[in-house]
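Given next are the chains, with one letter for each unit.
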Amino acid sequence: MLRSLAILALIVPQFAIADRVENNETAQEMLDVARAVWEENKLTDYTFTLERGGVFGGVKYRVKVKDGECLKVTYWHRLKRHKDNCDNRTIAELFDELDQAINEDPISIWLEFDLELGYPVEVSVEPRTDLTDQDWWYVISLSLIHI
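Enquirer: Help me understand a positive patch on the surface, please; the structure alone is not making it clear to me.
Expert: Taken together, the side chains of Arg 62, Lys 64, Lys 72, Arg 81 and Lys 83 present a region of like positive charge at the surface. Going through the elements one at a time, strand S3 (57-66) and strand S5 (80-84) are the ones with two or more residues in the positive patch. On the basis of relative accessible area, Lys 83 is assigned to the exposed category, the value being 69%.

Right, here's the structure in full:
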């Protein structure tokens with residue numbers, strides 16, 4: 001355990017600073033370290049705010065996860081609370097989505113991870129595509145944690 005913490009301490013500065021990553025290898029290394037920190041914390045019950053969008057704006061969702069499974073996703077629209085599906089809403093699934101985005105060789109990617117828990121705090125991706133306005137992003141605020 002101490003050895004793994006020492007290794008992480010050497011790597012942590014690499015993902016402590018948010019940055020537009022120059023190559024996908026660096027982005028993958030940052031993601032792997034952050035995922036390891038998240039998994040080491042063994043958080044399975046948590047609630048967080050996921051603000052997700054693209055060049056035309058975004059939506060702020062409230063996500064509740066229990067035993068590693070998404071239970072409920074809600075958002076506000078026109079002063080009314082709505083429910084949404086749980087597809088790709090847990091932190092583990094967001095890690096998988098980032099892994100896929102990196103493998104698709106984006107033009108640019110911005111990554112920032114929480115130092116203590118490892119979850120993605122801010123992400124911005126400009127995918128490599130012939131279509132314009134395909135950039136996407138999200139910001140996470142982890143608000144309630146049950147350990």
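Enquirer: Got a minute to help me understand the pattern of salt bridges in this structure?
Expert: Side chains that differ in charge, positive against negative, can pair when their charged atoms come close. Within this structure, the stated rule accounts for five salt bridges. Among the ionic pairs, Glu 97 bridges to Arg 52, the shortest N-O distance being 2.4 Å. In this pair, Glu 97 sits in helix H3 (residues 91-103) while Arg 52 sits in strand S2 (residues 45-54), placing the two residues 45 residues apart along the sequence. Arg 89 serves as the salt-bridge partner of Asp 84, at 2.9 Å between the closest nitrogen and oxygen.

Enquirer: Explanation requested: the environment of Lys 64 in the structure shown.
Expert: Note that Lys 64 resides in strand S3. A C-alpha to C-alpha distance of 4.4 Å links Lys 64 and Thr 47, two positions 17 residues apart in sequence. The residues contacting Lys 64, other than those within four sequence positions of it, are Tyr 46, Thr 47, Glu 69, Cys 70, Leu 71 and Lys 72.

Enquirer: Please clarify how the state of the cysteines should be interpreted in this entry.
Expert: A covalent bond bridging the sulfur atoms of two cysteines is what the word disulfide describes. One pass over the structure, following the stated rule, counts one disulfide. One disulfide in the model links Cys 70 with Cys 86; its S-S distance is 2.2 Å. Taking the sign of the S-S torsion, about -65 degrees here, the bridge from Cys 70 to Cys 86 comes out left-handed. Remark: Cys 86 occurs in the loop between S5 and H3 and Cys 70 occurs in strand S4 (residues 69-77); sequence separation between them is 16 residues.

Enquirer: Mind showing me how you'd approach the nonpolar core here?
Expert: In a soluble, globular protein the nonpolar side chains are often hidden away together inside. Of all hydrophobic cores here, the largest spans 31 residues; its most connected members are Trp 38, Phe 48 and Ile 91. Listing elements by their share of this core, those giving two or more residues are helix H2 (24-41), S2, S3, S4, H3, strand S6 (108-113), strand S7 (120-126) and strand S8 (136-146). Residue contributions to this core peak at six residues, all from H3. Discounting residues that sit within four places of it in the chain, Trp 38 has contacts with Leu 43, Tyr 46, Ile 91, Phe 95, Leu 117, Gly 118, Tyr 119 and Leu 142.

Enquirer: Would you take a moment to explain the packing of aromatic side chains for this structure?
Expert: Here the distance between the centres and the angle between the planes together describe a pair of aromatic rings. Scanning all chains against the criterion turns up six aromatic pairs. When the centroid spacing of 5.2 Å and the interplanar angle of 90 degrees are considered together, the rings of Trp 38 and Tyr 46 count as edge-to-face. Take Tyr 46: its relative accessible area is 3%, and that puts it in the buried class. One aromatic cluster is present, built from ring pairs that chain together Trp 38, Tyr 46, Phe 48 and Tyr 119. For Arg 89, the ring lying beneath its charged end belongs to Tyr 61, and the centroid distance is 4.3 Å.

Enquirer: Honestly, the side chain of Arg 52 in this entry has me stumped. Any pointers?
Expert: Here Glu 97 takes part through its side chain, which lies 2.4 Å from a polar atom of the side chain of Arg 52. Ignoring anything within four residues of it in the chain, the contact list for Arg 52 reads Gly 58, Val 59, Tyr 61, Asn 88, Leu 94, Glu 97, Trp 136, Trp 137 and Tyr 138.

Enquirer: Please clarify how the packing of H2 against H3 should be interpreted in this entry.
Expert: It is the contact of H2 with H3, at a shortest axis distance of 10 Å, that shows an interaxial angle of 165 degrees. Taken together, H2 and H3 sit at an angle that is classed as roughly antiparallel. Pair H2 / H3 crosses with left-handed handedness. Between H2, through Asn 24, Ala 27, Gln 28, Leu 31, Ala 34, Arg 35 and Trp 38, and H3, the contact on the second element is made entirely by Ile 91, Ala 92, Phe 95, Asp 96, Leu 98, Asp 99, Ile 102 and Asn 103. The class makeup of the residues in the contact of H2 with H3 is nine nonpolar, three polar and three charged.

Conventions used here
Residues numbered from 1 in each chain as written. Predicted model: local features only at pLDDT ≥ 70, side-chain atom pairs only at ≥ 80, totals over all residues. Heavy atoms only, no water. Patch = residues over 30% accessible without salt bridge, like charges linked within 9 Å, V, L, I, M, F, W, Y side chains within 5 Å. Areas by Shrake-Rupley, 256 points an atom, 1.4 Å probe, with all protein chains shown as cover. Salt bridge = Lys/Arg side-chain N within 4 Å of Asp/Glu carboxyl O. Lys, Arg positive; Asp, Glu negative; His and termini not counted. Charge placed at Lys NZ, Arg CZ, Asp CG, Glu CD. Helix = DSSP H or I, 4+ residues; strand = E, 2+ residues; numbered from the N terminus. Buried < 20%, exposed > 50% of the residue type's maximum accessible area, 1.4 Å probe, protein only. Contact = heavy atoms within 4.5 Å. Disulfide = S-S within 2.5 Å. Core = buried A, V, L, I, M, F, W, Y, C linked by side-chain atoms within 4.5 Å. Phe/Tyr/Trp six-rings, centres within 6.5 Å; stacked < 30°, edge-to-face > 60°. Lys NZ or Arg CZ within 6 Å of the ring centre and 35° of its normal. Polar contact = N/O pair within 3.5 Å; in protein donor to acceptor, adjacent residues only side chain to side chain. Axes fitted to C-alpha atoms, helices over the stretch in contact; angles between N-to-C directions. Parallel < 35°, antiparallel > 145°, perpendicular 65-115°, else oblique. Left-handed = near helix turned anticlockwise from the far one by under 90°. Nonpolar A, V, L, I, M, F, W, Y, C, P; charged D, E, K, R; others polar.

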